[in-house]
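Given next are the chains, with one letter for each unit.
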Amino acid sequence: MYSPGDIVVGEVIGTAVLILFGTGVCAAVSLRHSKAQSAGWVAVAFGWGLGVLAGAYTAAPLSGGHLNPAVTVGSAVAGGTEWSVVPLYIVAQLAGAVIGAVLAWALYYAQFAANDGRSGGAPQPTLGIFATAPEIRKPAANLVSEVIATVGLVLPLLFFGQNEGIGLGQVPGARTGIYGSGITVLLVALLVVGIGLSLGGPTGYAINPARDLGPRIVHALLPIPNKGSSDWSYAWIPVAGPLIGAVLAGLVHVCVF
């Protein structure tokens, strides 16, 4: 349905927009000298949800707007995406995530630079701006949390396509991929907000391997004052958990249909 070039361009740009919004809101509520400092978890959940909205609408005409290896794998298991293009989607998504994280760092460069402690106040850890971490470090429980939260994303998304014709506003001939309609993108964005508010407490709801791994790499490489550890011992969980959840969601969809 989509050419390899369109997939790369769409997923790189769309995922970069998603991560710019998401990492940006985390920086906004975390860093000193930000007007949104301490805005809280609700702001974070809506920031990520609106990032999905902006990124998916941007990418949908080109690539279908997956923006997430878990979505791509779940769609492939359910038969909606050819397995031959899955690696291309994932590489493009990871590249876009890296670009988005670098853009967020550039946007908040002055605030990151002020994290050296010389401008007043103790330096703050910055990994939470870029990547997820558990509130209670129990690998098995953390993995289960990511699996369940990702099922909560991918399974409804796969079923959204079955609800065409009930007012979702599909435009005939539109290339909207897995979403089925333009308005469904809005529903998915609200779904992500709901996941953040309801399921995000234990681990920060990565639900997207590229969303966590790409910015974590950026955190490890960028010259951020007092950035602390990039916590690579935990990094496998927000990659493995969403992929497992995506496969389970795809299998449920196959069993039902």
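Draft legend 1. A look at the environment of Gly241. Counting through the fold element by element, Gly241 comes out in helix 10 (residues 237–256). The class of Gly241 is buried, set by a relative accessible area of 0%. C-alpha separation for the pair Gly241 and Val144, spaced 97 residues apart in sequence, amounts to 6.9 Å. The residues touching Gly241, leaving out its near neighbours within four places in the chain, are Leu143, Glu146, Val147 and Thr150.

Draft legend 2. Representation of helix 7 (residues 139–160) in the model. Helix length check: helix 7 (22 residues) gives 32 Å between terminal C-alpha atoms against 32 Å at 1.5 Å per residue, within 8%. Buried within helix 7 are the following residues: Asn142, Leu143, Ser145, Glu146, Val147, Ala149, Thr150, Leu153, Val154, Leu157, Leu158 and Phe160.

Draft legend 3. Quick look at the side chain of Ser145. Note that Ser145 resides in helix 7. Beyond its immediate chain neighbours, meaning those up to four positions away, Ser145 contacts Pro202 and Thr203.

Draft legend 4. The arrangement of a nonpolar patch on the surface in detail. Together, Phe21, Trp41, Val42, Phe46, Leu50 and Leu197 make up a nonpolar patch on the protein surface, roughly 560 Å² of accessible area in all. Here the nonpolar patch takes 4 residues from helix 2 (residues 41–63), the largest share from any one element. With respect to the element layout, Phe21 can be found in helix 1 (residues 4–30). Phe21 gets classed as partly exposed once you look at its relative accessible area, which sits at 39%.

Draft legend 5. Up close: unusual backbone geometry. In the Ramachandran plot, Tyr205 falls in the positive-phi region, its phi being about 45° despite a non-glycine side chain. Turning to its location among the elements, Tyr205 is positioned in the loop between helix 8 (182–199) and helix 9 (209–221).

Draft legend 6. Local environment of the side chain of Thr72. Residue position: Thr72 is located in helix 3 (residues 69–77). Excluding residues that lie within four positions of it along the chain, Thr72 makes contacts with His66, Thr81, Val86, Tyr89 and Gln93.

Draft legend 7. Here's a closer look at the layout of surface pockets. For the largest pocket, the calculated volume is near 530 Å³. Along its surface, the largest pocket is lined by 34 residues, and Trp48, Thr132, Gly204, Tyr205 and Arg211 are the ones closest to its centre. When contributions to the lining of the largest pocket are tallied by element, the ones reaching two or more residues are helix 1, helix 2, helix 6 (127–130), helix 7 and helix 8. Among the residues making up the lining of the largest pocket, the classes are represented as 22 nonpolar, 10 polar and 2 charged.

Draft legend 8. The arrangement of the environment of Arg32 in detail. With respect to the helices, strands and loops of the structure, Arg32 is situated in the loop between helix 1 and helix 2. For Arg32, a relative accessible area of 14% gives the class buried. The spacing of Arg32 and Gln124 is 92 residues in sequence and 8.7 Å in space, taken between C-alpha atoms. Polar side-chain contacts of Arg32 include one of 3.3 Å to the backbone oxygen of Ala114.

Draft legend 9. Expanded view of the pattern of salt bridges. Tallied over the entire structure, the rule returns 2 salt bridges. A salt bridge links Arg137 to Asp231, with the nearest nitrogen and oxygen atoms 2.6 Å apart. Separated by 94 residues along the polypeptide, Arg137 in the loop between helix 6 and helix 7 and Asp231 in the loop between helix 9 and helix 10 bring together distant segments of the chain. A relative accessible area of 46% means that Arg137 is categorised as partly exposed. Residue Arg216 is joined to Asp212 by a salt bridge in which the shortest nitrogen-to-oxygen separation is 2.8 Å. Pair noted here: Arg216 and Asp212 are both in helix 9, with a separation of 4 residues, about one helical turn. This pair shows no difference in class: Arg216 is buried, exactly as Asp212 is.

Cut-off values and rules
Residues numbered from 1 in each chain as written. Predicted model: local features only at pLDDT ≥ 70, side-chain atom pairs only at ≥ 80, totals over all residues. Heavy atoms only, no water. Helix = DSSP H or I, 4+ residues; strand = E, 2+ residues; numbered from the N terminus. Buried < 20%, exposed > 50% of the residue type's maximum accessible area, 1.4 Å probe, protein only. Contact = heavy atoms within 4.5 Å. Expected span 1.5 Å × (residues − 1). Patch = residues over 30% accessible without salt bridge, like charges linked within 9 Å, V, L, I, M, F, W, Y side chains within 5 Å. Areas by Shrake-Rupley, 256 points an atom, 1.4 Å probe, with all protein chains shown as cover. Salt bridge = Lys/Arg side-chain N within 4 Å of Asp/Glu carboxyl O. 1 Å grid on protein atoms, 1.4 Å probe; cavity = no way out; pocket = protein on both sides within 12 Å on 5 of 7 lines; lining within 4 Å. Points joined across faces, edges and corners; volume = space filled by probe spheres on them. Nonpolar A, V, L, I, M, F, W, Y, C, P; charged D, E, K, R; others polar. Polar contact = N/O pair within 3.5 Å; in protein donor to acceptor, adjacent residues only side chain to side chain.

Functional significance is not addressed by these values, which are geometric in nature.
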